[in-house]
Amino acid sequence: MGHLTKPLDSVLIKPAGPDCNSACRYCFYLDKGRLFPEQVVHRMSAAVLEATVKQVMTGGPTNVSFGWQGGEPTLMGVPFFEQALEFERRYGRSGQTVGNGLQTNGLLIDDEWCRLLRAACFLVGLSLDGPRHVHNHYRVSRGGQPTWQRVIDAARRMLDSGVEVNALTVVNEYSARFPREVYALLKETGLVHMQFIPCLEPDPVDAARPAPFSVTPAQFGEFLCTIFDCWRDDFRSGQPTTFVRWFDSVFATYVGVRPPECTLLSECGTYVVIEHNGEVFACDFYVAQAWRLGNVLNSNLADLLNSSRQADFGRRKSALPQACQACRWLVHCRGGCPKERWGQPGAPSLSYFCSAYQQFFAHADAHLRELAEQWQQRQNKPAGLPDAVMSAATAPRLGRNDPCPCGSGRKYKRCCGR
């Protein structure tokens, strides 16, 4: 992968930097403000915004996407995003398509936001950890107040307005105890597209051990298996009625398609992160001086994406211990996210959640193989897995208008590719 030119087809932008109107007790990004001590309030300037959008639109391929995250990006206000859309129109080429995704805690979502998000076809990721007692356990406002009701109200407002909304759920030591409740709440709310992120952060007192709010491997393994059972039980006429991003991504590895989730690729470094001041970093989880690539105001984003520094960052993921290399699930797992690898510095180490992933694959493999065979038959391709499964690094990319490999019957851009 390192010798190929990677397309500038996706960037992650943090227009308000680490600033947020929530104070989630497990957040890994709030302390990033120390990287930018020259400002108390962090906001992207019009110059940085224009330079970013211009480079992506003019240097990217036919299909490009912008992911707006934080912190909390809605702190920028509606006019900022109207300006971003104007720059996309100004610098876009004939025939080019652009997608926008917004990750939000929902606290500022009102009717004005809904009008913008619906009109501009934003895909919104809403941070919602589950039922009231689960969500409020760690997700509180800056004043320490519970946020669940405000988030649920935002979900309903957006769904009623026709905004496309997915749920992003952090699996922590508390929420992991209630997988069926979490799944049911999301489904009942209408958030049938779900993404589950395991919480793993260092203890502030002893960085060699996980923080108390981190989910344990045993908890996460059981959580994944239970959510998988819920997802499988909700199939109708052989098709899923809910969509779990990690399951969809894993399924791609069963049918020889490049998975959309970077953690399941052989290498990292498929996108870059742009902070509020134009600083460019290798990854959302590695916004640190060690992995600073440059600045959008005086560097070319495509060059930074394909730089030797970014290539070095990406190759770190493929440095796996022998236990990983000999594992039967490697083709589906690829060692997980490097952020999860807690071991001796400089030595390849297993993912902290290795046992959780092994538990999941042992539980789900037979059903995933069955679904893969059905999908291949629908594609008029020879069934025959697992030995013929293509490497995730060499498998073909899906086009936005191709049928989604999860078998939903939707176009990829309207399903897992969102």
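### Considerations on the overall build of the protein
Assigned secondary structure in the protein consists of 13 helices and 10 strands. Taking the contacts inside the protein whose residues are at least 6 apart along the sequence as the reference set, 70% of them involve residues at least 24 apart. Surface exposure of the protein reaches about 17700 Å², of which carbon and sulfur atoms provide 50%.

### What about the pattern of salt bridges?
Counted according to the given criterion, the structure contains 14 salt bridges. Note that glutamate 86 is salt-bridged to arginine 89, the shortest N-O span being 3.4 Å. On the criterion of helical spacing, the pair formed by glutamate 86 and arginine 89 is a turn pair, its members being 3 residues apart in helix α2 (residues 78–91). Assessed through its relative accessible area of 30%, glutamate 86 is described here as partly exposed. We classify arginine 89 as exposed; its relative accessible area is 57%. The salt bridge partner of glutamate 201 is lysine 339, with a shortest N-O separation of 3.1 Å. In this pair, glutamate 201 sits in the loop between β6 (193–198) and α7 (217–233) while lysine 339 sits in the loop between α12 (330–333) and α13 (354–378), placing the two residues 138 residues apart along the sequence. The same class applies to glutamate 201 as to lysine 339, namely buried.

### A few points about the sheet that holds strand β10 (residues 292–295)
Each strand in a sheet pairs with its neighbour through backbone hydrogen bonds, running either in the same direction (parallel) or in the opposite one (antiparallel). Spatially, β7-β6-β5-β4-β3-β2-β1-β8-β9-β10 is the arrangement adopted by the 10 strands of the open sheet, whose pairing is mixed. The outermost strands of the open sheet, each flanked by one partner alone, are β7 (243–244) and β10. Packing of α2 onto the sheet brings it into contact with β2 (63–68) and β3 (97–104), and relative to β2 it is tilted by some 165 degrees.

### Concerning the packing of aromatic side chains
Taken as a whole and judged by the stated rule, the model has 31 aromatic pairs. Taken together, a centroid distance of 5.9 Å and an interplanar angle of 50 degrees make the contact between tryptophan 246 and phenylalanine 361 tilted. Here phenylalanine 361 lies in helix α13 and tryptophan 246 lies in helix α8 (residues 245–254), a separation of 115 residues in the sequence. Looking at phenylalanine 361, the relative accessible area reads 1%, which means it is buried.

### Details of the side chain of threonine 263
Along the chain, the position of threonine 263 falls in the loop between α8 and β8 (272–274). Those residues within four positions of threonine 263 in sequence are excluded, and the remaining contacts are Trp246, Lys317, Cys333, Arg334, Gly336 and Cys337.

### Regarding the pairing of strand β4 (residues 123–127)
Counting buried positions along β4 gives 5 out of 5 residues, so the element sits mostly inside the fold. Side chains of β4 alternate between two faces, with Leu123, Gly125 and Ser127 and Val124 and Leu126 buried alike. Following the chain from β3 across helix α3 (residues 111–119) to the adjacent parallel β4, one finds a crossover that is right-handed. Two strands pair when backbone bridges link them, and β4 and strand β5 (residues 164–171) are joined in this way by 5 bridges, in the parallel orientation. Counted as the bridge partner of valine 124 is valine 165 from β5.

### A short note on the pairing of β3
Judged from the 6 bridges that link them, β2 and β3 form a sheet pairing that is parallel. Bridge assignment links glycine 67 to a residue of β3, and that residue is glycine 101. Running through α2, the crossover from β2 to the neighbouring parallel element β3 is right-handed. In this structure, β3 lies alongside β4, joined through 4 bridges in parallel fashion. In the sheet register, glutamine 103 faces β4, and the bridge partner there is glycine 125.

### Section: the packing of α2 against α3
The contact between α2 and α3 brings their axes to 11 Å, and the two run at 10 degrees. Here α2 lies roughly parallel to α3, going by the angle between them. Classified by chirality, the crossing of α3 by α2 is left-handed. Where α2 abuts α3, its residues Val78, Phe81, Glu82 and Leu85 lie against Glu112, Trp113 and Leu116. Here the residues of the contact of α2 with α3 are counted per class, giving 5 nonpolar, no polar and 2 charged.

### Section: the environment of alanine 302
The topology assignment puts alanine 302 in helix α9 (residues 301–305). Judged by relative accessible area, alanine 302 falls into the partly exposed class, the value being 24%. The spatial distance from the C-alpha of alanine 302 to the C-alpha of lysine 6 is 8.0 Å, given a sequence separation of 296 residues.

### What to know about the packing of α7 against α13
Pairs of packed helices are described in terms of their axes, by the angle between the two and the distance that separates them. Running from N to C, α7 and α13 cross one another at 20 degrees; their axes reach a closest spacing of 7 Å. Comparing their axes, α13 and α7 come out roughly parallel. In the packing of α7 onto α13, the handedness of the crossing is left-handed. Residues Pro217, Ala218, Phe220, Gly221, Glu222, Leu224, Cys225, Phe228, Asp229, Trp231 and Arg232 of α7 pack against Ser355, Ala356, Tyr357, Gln359, Phe360, His363, Ala364, His367, Leu368 and Leu371 of α13.

### Describing the confidence of the model for the protein
The predicted model of the protein has a mean per-residue pLDDT of 90, with 89% of residues at 70 or higher. With pLDDT under 50 throughout, residues 383–403 is counted as low confidence; its partners more than four residues away or in other chains account for 50 contacts.

### Focus on the state of the cysteines
The full count for this structure, using the stated rule, is 0 disulfides. Not part of a disulfide, cysteine 27 finds its nearest cysteine sulfur in cysteine 24, a span of 6.2 Å. Cysteine 27 sits in the partly exposed class, given a relative accessible area of 35%.

Cut-offs used in this document
Residues numbered from 1 in each chain as written. Predicted model: local features only at pLDDT ≥ 70, side-chain atom pairs only at ≥ 80, totals over all residues. Heavy atoms only, no water. Helix = DSSP H or I, 4+ residues; strand = E, 2+ residues; numbered from the N terminus. Contact = heavy atoms within 4.5 Å. Areas by Shrake-Rupley, 256 points an atom, 1.4 Å probe, with all protein chains shown as cover. Salt bridge = Lys/Arg side-chain N within 4 Å of Asp/Glu carboxyl O. Buried < 20%, exposed > 50% of the residue type's maximum accessible area, 1.4 Å probe, protein only. Pairing = 2+ DSSP bridges. Axes fitted to C-alpha atoms, helices over the stretch in contact; angles between N-to-C directions. Phe/Tyr/Trp six-rings, centres within 6.5 Å; stacked < 30°, edge-to-face > 60°. Right-handed = clockwise from strand over helix to strand, strands pointing away. Parallel < 35°, antiparallel > 145°, perpendicular 65-115°, else oblique. Left-handed = near helix turned anticlockwise from the far one by under 90°. Nonpolar A, V, L, I, M, F, W, Y, C, P; charged D, E, K, R; others polar. pLDDT = per-residue confidence, 0-100. Disulfide = S-S within 2.5 Å.

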